Amino acid sequence: MYLKTQICILEVQTDQFWNSPSVLCCNCGSLTPDVVEELIVLSYKMDTLFVGLDSEQRGMIREIRLLAHSLLIIYLHRNNSKALQSNSVAVRVWEQLLARIRSQNKLNGSGERTHESLIRTLGSFQDFVESNITKPFVIVDHLQSLVSSYQPPPLALENQLRQASAVINEPQGGSDNPLRFTAGLTLGVDIDADITNVMHTSQVYIQVVFPDFSRQLFKPKPADFRHFSKMKHRLITKVIFSHSTWSDPCYVDVSLVLKYAQDINEQEVVDFITSVLETSAEKSDKKIVKQIKNRADNLQDGYVELCSPVQIYVLPKSSSH
């Protein structure tokens, strides 16, 4: 995952659009909101799913989110150069970035880094923003110079690194025998799953995704877990879900997800940037920003999947009168 983020960052940094002034070039080449989203999601997944990372390694992974957020601001500026000339927009944009910087500083603590970190480089960014708040082009150019020169450090992995995961034993996917229930009522599904390399089972949720991409999340009770060791558990429970629009047979995805703490409210960032882009962006660009909600990993609410979804076939039937 880390290598994938490095390749993605390098592709953006070497794109030709950096050679053109932002006021003359609204084409961002390989830099799109979709790329930004992927970087943020991968960073959260590495930060959440892997056990055995030291504080410096986690700091390196978190910096990817900071870099991605900076890239999103650059994308916004190049696609709507007048946006940051509005005081209300500018204050909101910079405050969201500064909030992420403060959050990561708090998470990383005061530990020494062996590499030149982006968070350290942006340490005085708040003072720079405050002194140039009426000069949006100056701030963006400064941010762009920091981003374009940033080099993600190599991540040295050791043998103690383990990935959190889960295996769903029940229900079993791929069956042609549907689960039948009365339309408009609820359906109970037994869940039996093995969970590995998760220390806090209170962060484990069951996620149900319907064909229209709507979701239901279920928090198991503490008594639903059987603890074999500090990092190995078994979940045996039942989920009761419903969907008022069901009328035809369909497949429903069931998976286990792990909740994580976000740097900032990612939903607010996406909603705000989307609203600003909608004033000038093409429809394709707007869809890219909004499709973030349809991913398997739920960035808005702060969940990453512990396993691939199991598809179960459900068949609503009309109630008899």
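Residues numbered from 1 in each chain as written. Predicted model: local features only at pLDDT ≥ 70, side-chain atom pairs only at ≥ 80, totals over all residues. Heavy atoms only, no water.

- According to the UniProt record, the Subcellular location (unreviewed entry) comment for the chain is "Nucleus". (UniProt positions renumbered as here; feature names shortened; annotations may be inferred.)

1. Considering the packing of aromatic side chains
Then, number 1: The final tally for this structure, using the stated rule, is four aromatic pairs.
Then, number 2: Here Y205 and Y303 contribute two aromatic rings whose centre-to-centre distance is 5.4 Å and whose plane-to-plane angle is 75°, an arrangement assigned as edge-to-face. One end of the pair, Y205, is in strand β6 (residues 204-209); the other, Y303, is in strand β11 (residues 303-305), and 98 residues separate them in sequence.
Then, number 3: If you follow R92 out to its NZ or CZ, it ends over the ring of F272, 4.6 Å from the centre. (Phe/Tyr/Trp six-rings, centres within 6.5 Å; stacked < 30°, edge-to-face > 60°. Helix = DSSP H or I, 4+ residues; strand = E, 2+ residues; numbered from the N terminus. Lys NZ or Arg CZ within 6 Å of the ring centre and 35° of its normal.)

2. Structural notes on the pairing of β6
Then, number 1: The element β6 is extensively covered by neighbouring structure, given that six of its six residues are classed as buried.
Then, number 2: Residues V204, I206 and V208 point to one face of β6 and Y205, Q207 and V209 to the other, with burial holding for every one of them.
Then, number 3: Examined bridge by bridge, β6 and strand β10 (residues 250-259) share six bridges and lie antiparallel to one another. Within the sheet, the bridge partner assigned to V204 lies in β10 and is L258.
Then, number 4: Strand direction decides the pairing type here: β6 and strand β7 (residues 215-218), joined by four bridges, are antiparallel. Opposite V209, over in β7, you have R215 as the bridge partner.
Then, number 5: Hairpin connection between β6 and β7: a loop of five residues separates the two successive antiparallel strands, and F213 in this loop has a positive phi of roughly 70°. (Buried < 20%, exposed > 50% of the residue type's maximum accessible area, 1.4 Å probe, protein only. Pairing = 2+ DSSP bridges.)

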